[in-house]
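Structural overview
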Amino acid sequence: MSTEFNERLPEPLGHQAQIWIVGTREQVNHVISEMYVRQMITDRSQFSPMVPAPFSPGKYMSVLLR
């Protein structure tokens, strides 16, 4: 994970479980919305802001910290 991405995370990683979503912008938005509709998350803001994936050109990612 790049330093730039670490700086964008709302909290230090510590020992928290993480769920990473990587795909096109539309795919990432769809999965986040699906998790909200299925009540797996209570608010879309629980995910980090969507950023370009540093390891996959043309893809984006978002992280859910629990």
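Whatever comes next refers back to the structure up there.
Figured I'd write up the structure that's included with this text. (Residues numbered from 1 in each chain as written. Predicted model: local features only at pLDDT ≥ 70, side-chain atom pairs only at ≥ 80, totals over all residues. Heavy atoms only, no water.)

A few words on the sheet that holds strand β2 (residues 51-52). The strand order across the open sheet built from three strands is β1-β3-β2, with neighbouring strands paired in antiparallel fashion. The open sheet has two edge strands, β1 (18-23) and β2, and neither has a second partner. The pairing of β1 with strand β3 (residues 60-65) spans six bridges and is classified as antiparallel. Note on β3: the bridge partner recorded for Val22 is Met61. (Pairing = 2+ DSSP bridges. Helix = DSSP H or I, 4+ residues; strand = E, 2+ residues; numbered from the N terminus.)

Once that is clear, we can look at unusual backbone geometry. With phi around 60°, Gln39 is a residue other than glycine that occupies positive phi space. Mapping Gln39 onto the fold places it in the loop between α2 (25-37) and β2.

It is worth spelling out the packing of aromatic side chains at this point. Within the structure shown, the criterion is met by one aromatic pair. If you follow Arg25 out to its NZ or CZ, it ends over the ring of Tyr60, 4.8 Å from the centre. (Phe/Tyr/Trp six-rings, centres within 6.5 Å; stacked < 30°, edge-to-face > 60°. Lys NZ or Arg CZ within 6 Å of the ring centre and 35° of its normal.)

Turning to its location among the elements, Ser62 is positioned in strand β3. A relative accessible area of 0% places Ser62 in the buried class. Of the polar contacts made by the side chain of Ser62, one reaches the backbone oxygen of Ser48; its length is 2.7 Å. Dropping the residues within four chain positions of it, Ser62 is found in contact with Ile19, Trp20, Ile21, Val28, Ile32, Phe47, Ser48 and Pro49. (Buried < 20%, exposed > 50% of the residue type's maximum accessible area, 1.4 Å probe, protein only. Polar contact = N/O pair within 3.5 Å; in protein donor to acceptor, adjacent residues only side chain to side chain. Contact = heavy atoms within 4.5 Å.)

On to the environment of Leu64, then. If you trace the backbone, Leu64 turns up in strand β3. Given a relative accessible area of 1%, Leu64 falls into the buried group. With sequence-adjacent residues up to four places away left out, Leu64 is seen in contact with Ala17, Gln18, Ile19, Met35, Ile41, Gln46 and Phe47.

Glancing now at the pairing of β3. With five of its six residues buried, β3 lies for the most part within the structure. Pairing between β2 and β3: two bridges, direction antiparallel. The partner of Pro52 across the bridge, within β3, is Tyr60.

A word on the nonpolar core. One finds Ile21, Val28, Ile32, Met35, Ile41, Phe47 and Leu64 forming the largest nonpolar core, which totals seven residues. For Ile32, the contacting residues outside a window of four places in its chain are Ile21, Ile41, Arg44, Phe47 and Ser62. (Core = buried A, V, L, I, M, F, W, Y, C linked by side-chain atoms within 4.5 Å.)

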